[in-house]
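# Topology and contacts: notes
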Amino acid sequence: MATGRTHRPATRSRGIPEATVARLPLYLRALTALSERSVPTVSSEELAAAAGVNSAKLRKDFSYLGSYGTRGVGYDVEYLVYQISRELGLTQDWPVVIVGIGNLGAALANYGGFASRGFRVAALIDADPAMAGKPVAGIPVQHTDELEKIIQDEGVSIGVIATPAGAAQQVCERLVAAGVTSILNFAPTVLSVPDGVDVRKVDLSIELQILAFHEQRKAGELAAAGTVVPAAARQESAAARRGTAAGQESVADQGPDGDVPAVMPT
């Protein structure tokens, strides 16, 4: 069976834009759902709606794959599943190690979607000696002392970091030194990696903050239109007004230089 060590996806060599690559998993998810319902063909409009993009962008993306569909018929669902899976490198086995088996790491280990999408959890690794040997999702946890050996023995090129922020960079450096060239980072920190190593960062708090921004903006638009605003948004607005008033008072109490320390969200 092929491993991630010796086979790399062909997307970059074929000149597929990164934005298109980022949308391919969305198309694959929608197509897989259609395949499971035994839907043989799908139009670009239907597939675009299911993937959350516009149909013109979808057709442009598929043109990079050399797939144009058939007028009046649409796209063959099973063929597109295979085609996109091949472009993403999912028709081969990709062994993955997860480092940091706390609550998040354990949840990732128990996620059932890896195997069906071409990924095999080859090892679970943690720095806590008390965790060594304990099974998580049917896989015994191994100590970080074994990290390099595991990567070499399993031919791992993808590592998942789910450690506390303070340990993430050191773990990252050990992964890279052992031959890992792609890292999925769940630790709340920015990793420094050499050229040739790809890092994807997943930060749930940032995503929630972005959603909070949109909720606040929608609440403001509703208030301006005279629409009833949800209680949570009203409380947020009141808190903001209190903060503004407090800020004005503090400025009034400042000296002539008006030095105020910057306050950043934690």
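Presented here is a report on the structure given in the accompanying data block.

Cut-offs applied
- Residues numbered from 1 in each chain as written.
- Predicted model: local features only at pLDDT ≥ 70, side-chain atom pairs only at ≥ 80, totals over all residues.
- Heavy atoms only, no water.
- Core = buried A, V, L, I, M, F, W, Y, C linked by side-chain atoms within 4.5 Å.
- Buried < 20%, exposed > 50% of the residue type's maximum accessible area, 1.4 Å probe, protein only.
- Helix = DSSP H or I, 4+ residues; strand = E, 2+ residues; numbered from the N terminus.
- Contact = heavy atoms within 4.5 Å.
- Salt bridge = Lys/Arg side-chain N within 4 Å of Asp/Glu carboxyl O.
- Pairing = 2+ DSSP bridges.
- Axes fitted to C-alpha atoms, helices over the stretch in contact; angles between N-to-C directions.
- Polar contact = N/O pair within 3.5 Å; in protein donor to acceptor, adjacent residues only side chain to side chain.
- Parallel < 35°, antiparallel > 145°, perpendicular 65-115°, else oblique.
- Nonpolar A, V, L, I, M, F, W, Y, C, P; charged D, E, K, R; others polar.

### Digging into the nonpolar core
- Counting residues in hydrophobic clusters, the biggest one holds 23 residues, and the most contacted among them are Tyr 27, Leu 31, Val 42, Leu 47, Leu 58, Phe 62 and Ile 84.
- Breaking this core down by element, the ones donating at least two residues are helix H1 (18-36), helix H2 (44-51), helix H3 (55-64) and helix H4 (77-87).
- Sort the elements by how many residues they give to this core and H1 lands first, with 7 residues.
- In contact with Leu 31, other than residues within four places in its own chain, are Val 42, Leu 47, Val 77, Leu 80, Val 81 and Ile 84.

### Re unusual backbone geometry
- One non-glycine residue, Ser 38, lies in the positive phi region at around 60 degrees.
- Mapped onto the secondary structure, Ser 38 falls in the loop between H1 and strand S1 (41-42).
- Exposure remark for Ser 38: the relative accessible area of 64% places this residue in the exposed category.
- Phi at Ala 137 is positive, roughly 55 degrees, even though this residue is not glycine.
- If you trace the backbone, Ala 137 turns up in the loop between strand S5 (135-136) and strand S6 (139-143).

### Some details on the pattern of salt bridges
- Considering all chains together, one arrives at 8 salt bridges under this definition.
- Between Glu 215 and Lys 218 there is a salt bridge, with the nearest N and O atoms lying 2.7 Å from each other. You can see Glu 215 and its partner Lys 218 sitting in helix H9 (residues 204-224), 3 residues apart, about one turn around the helix.
- Residue classification places Glu 215 among the partly exposed positions, given a relative accessible area of 47%.
- Classification of Lys 218 as partly exposed rests on a relative accessible area of 42%.
- Within the structure, one salt-bridge network assembled from shared partners comprises Asp 93, Arg 120 and Glu 154.

### As for the sheet that holds strand S9 (residues 198-201)
- With respect to topology, 7 strands assemble into an open sheet ordered S5-S6-S4-S3-S7-S8-S9, the strand pairing being mixed. Edge positions in the open sheet fall to S5 and S9, since each of these has one partner strand only.
- Across 4 bridges, the pairing between strand S7 (residues 158-161) and strand S8 (residues 182-185) is parallel. In the strand pairing of S8, Ile 161 is matched with Asn 185.
- Across the sheet, helix H8 (residues 165-178) lies against strand S3 (94-99), S7 and S8, angled at about 170 degrees from S7, the strand it touches most.

### With respect to the side chain of Thr 20
- Within the secondary structure, Thr 20 is located in helix H1.
- Engagement of the side chain of Thr 20 in a polar contact is seen with the side chain of Asp 61, the distance being 2.8 Å.
- The residues touching Thr 20, leaving out its near neighbours within four places in the chain, are Asp 61 and Tyr 64.

### Description of the packing of H2 against H3
- One way to put it is that H2 packs onto H3 with a least axis distance of 8 Å and a crossing angle of 100 degrees. Taken together, the axes of H2 and H3 lie roughly perpendicular to each other. Listed contacts from H3 to Ser 44, Glu 45, Leu 47 and Ala 48 of H2 are Ser 55, Leu 58, Arg 59 and Phe 62.
- Classifying every residue of the contact of H2 with H3 by side-chain character gives 4 nonpolar, 2 polar and 2 charged.

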